[in-house]
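Coordinate inspection notes
What follows is the residue order along each chain.
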Amino acid sequence: MIGVEAAWVGFVVVTLAAAVFSVLPRLGPVVRAVPAAVIVLGALVLTAFDVRPEPPSTVLGTLAALSVALLGIVAGSAVTNAALRLSTRTTIPAGTHGGILVVASSGPAARGATATGATPTTKEVLRGGAAIGDLERFAVIGAAAIGHLELIAAVIAIKGLGRFSELDSAEARERFIVGTLTSMLWAGAAAAAVLLR
């Protein structure tokens, strides 16, 4: 019994360590996302094959569920940024406030700067994107936990309508769609890892 308890405690510790690792600023988003992805996808695979051991106590089961939920919320930024990096193949970093950096204007000056190798002027749109992503994932995981999946539709509507006016460039629209879908799919996967038995 002590060995089973130690395994569950170890799982909680490793999951919390992966959550902390996912927010380390000096590492790239792909590197930061890997431990979290391994844990969540591993839990889903075990569940798919009906290999999900019961916790030895309610306390350890609750701690394990909360640690995976926390991982789903916190590591979502790293997973989303990794998806954006891999899908857009861009070197433009995220903005300082979690927003999307886009070329400030689409006129000849901006195109000329890009063609000559000069750095075009950028502006940050969708400021606060990182905080909104955390709240979005919290809402998705919470909605799944309480069994009201219809709340996820409300989250999508609020996010889409609330930010629509800032999506005037194709790059911003593309990043918004990729980021939102990745964030929500990640939150859904984390919720499934917590709830499926």
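Residues numbered from 1 in each chain as written. Predicted model: local features only at pLDDT ≥ 70, side-chain atom pairs only at ≥ 80, totals over all residues. Heavy atoms only, no water.

1. Considering the overall build of the chain
The number of helices and strands found in the chain is eight helices and two strands. For the chain, the α and β elements follow one another from N to C terminus as α-α-α-α-β-α-β-α-α-α. In the chain, which comprises 197 residues, the share counted as buried stands at 36%. Expressed as a percentage of contacts within the chain between residues at least 6 apart in sequence, the contacts between residues at least 24 apart total 76%. Roughly 11100 Å² of accessible area belongs to the chain as shown, and the carbon and sulfur atoms make up 72% of that amount. (Helix = DSSP H or I, 4+ residues; strand = E, 2+ residues; numbered from the N terminus. Buried < 20%, exposed > 50% of the residue type's maximum accessible area, 1.4 Å probe, protein only. Contact = heavy atoms within 4.5 Å. Areas by Shrake-Rupley, 256 points an atom, 1.4 Å probe, with all protein chains shown as cover.)

2. Considerations on the packing of helix 6 (residues 129-146) against helix 8 (residues 170-195)
In the contact formed by helix 6 and helix 8, the axes pass within 9 Å of each other and the chain directions differ by 35°. Helix 8 is crossed by helix 6, and the crossing has right-handed handedness. For the pair helix 6 and helix 8, the contacting residues are Gly 133, Glu 136, Arg 137, Val 140, Ile 141, Ala 144 and Ala 145 in the first and Thr 180, Ser 183, Met 184, Trp 186, Ala 187, Gly 188, Ala 190, Ala 191 and Leu 195 in the second. Within the contact of helix 6 with helix 8, the residues separate by chemical class into ten nonpolar, four polar and two charged. (Axes fitted to C-alpha atoms, helices over the stretch in contact; angles between N-to-C directions. Left-handed = near helix turned anticlockwise from the far one by under 90°. Nonpolar A, V, L, I, M, F, W, Y, C, P; charged D, E, K, R; others polar.)

3. So, helix 3 (residues 58-74)
An α-helix turns once per 3.6 residues; consequently, residues spaced three or four apart project the same way. An ideal rise of 1.5 Å per residue puts 24 Å on 17 residues; helix 3 measures up with 24 Å between its terminal C-alpha atoms. Burial in helix 3 covers these residues: Leu 60, Gly 61, Ala 64, Ser 67, Val 68, Ala 69, Leu 71, Gly 72 and Ile 73. (Expected span 1.5 Å × (residues − 1).)

4. A short note on a nonpolar patch on the surface
Where nonpolar side chains cluster on the molecular surface, the patch consists of Val 20, Leu 24, Leu 27 and Val 31 and spans about 300 Å² of accessible area. Topologically, Leu 24 is positioned in the loop between helix 1 (2-21) and helix 2 (29-48). Owing to a relative accessible area of 36%, Leu 24 belongs among the partly exposed residues under this scheme. (Patch = residues over 30% accessible without salt bridge, like charges linked within 9 Å, V, L, I, M, F, W, Y side chains within 5 Å. Salt bridge = Lys/Arg side-chain N within 4 Å of Asp/Glu carboxyl O.)

5. Let's talk about the layout of surface pockets
The calculated volume of the second largest pocket comes to roughly 280 Å³. As for the second largest pocket, its lining consists of 16 residues, of which Trp 8, Phe 11, Ala 43, Arg 52 and Pro 53 are closest to the centre. At the level of secondary structure, the elements contributing two or more residues to the lining of the second largest pocket comprise helix 1, helix 2, helix 3 and helix 8. Of all the elements, helix 3 adds the most residues to the lining of the second largest pocket, at four residues. The residue makeup of the lining of the second largest pocket, split by class, is twelve nonpolar, two polar and two charged. (1 Å grid on protein atoms, 1.4 Å probe; cavity = no way out; pocket = protein on both sides within 12 Å on 5 of 7 lines; lining within 4 Å. Points joined across faces, edges and corners; volume = space filled by probe spheres on them.)

6. A look at the confidence of the model for the chain
For the chain, mean pLDDT is 81; residues scoring 70 or higher make up 75% of the total. For the chain, helix 5 (residues 108-115) is the element with the lowest average pLDDT, namely 48, and helix 3 is the one with the highest, namely 93. The low-confidence segment residues 109-114 (pLDDT under 50) makes seven contacts with residues lying over four places distant or belonging to another chain. (pLDDT = per-residue confidence, 0-100.)

7. Describing the packing of helix 2 against helix 8
Where helix 2 contacts helix 8, the two axes come as close as 8 Å, and the packing angle between them is 50°. Judged on the interaxial angle alone, helix 8 and helix 2 are oblique. Like other packed secondary-structure pairs, helix 2 and helix 8 cross with a definite hand, here left-handed. The residues of helix 8 that touch helix 2, namely those facing Ala 36, Ala 37, Val 40, Ala 43 and Leu 44, are Trp 186, Ala 189, Ala 190, Ala 192 and Ala 193. Its residues assigned to classes, the contact of helix 2 with helix 8 comprises ten nonpolar, no polar and no charged. (Parallel < 35°, antiparallel > 145°, perpendicular 65-115°, else oblique.)

8. Focus on the side chain of Thr 180
Tracing the sequence through the fold places Thr 180 in helix 8. Not counting residues up to four positions away in its chain, the partners in contact with Thr 180 are Glu 136 and Lys 159.

9. Things to note about the nonpolar core
Ranked by size, the top nonpolar core spans 29 residues in total, and within it Val 40, Leu 71, Ile 141 and Trp 186 carry the most contacts. Where this core is concerned, the elements lending two or more residues are helix 1, helix 2, helix 3, helix 4 (76-88), helix 6, helix 7 (150-163) and helix 8. No other element matches the eight residues that helix 8 contributes to this core. (Core = buried A, V, L, I, M, F, W, Y, C linked by side-chain atoms within 4.5 Å.)

10. Side note on helix 4
Relative to the 18 Å expected for 13 residues at 1.5 Å per residue, helix 4 spans 18 Å between its end C-alpha atoms, a close match to the ideal helical length. Of all the positions in helix 4, only Gly 76, Ala 78, Val 79, Thr 80, Ala 82, Leu 84 and Thr 88 are classed as buried. In the core, the buried residues of helix 4 are packed alongside helix 2, helix 3, helix 6 and helix 8.

11. Considering the side chain of Arg 137
Positionally, Arg 137 belongs in helix 6. Here Arg 137 falls in the buried class, since its relative accessible area comes to 1%. If we skip the residues at most four places from it in the chain, Arg 137 touches Gly 72, Ile 73, Gly 76, Ser 77, Thr 80, Ala 130, Ser 183, Trp 186 and Ala 187.

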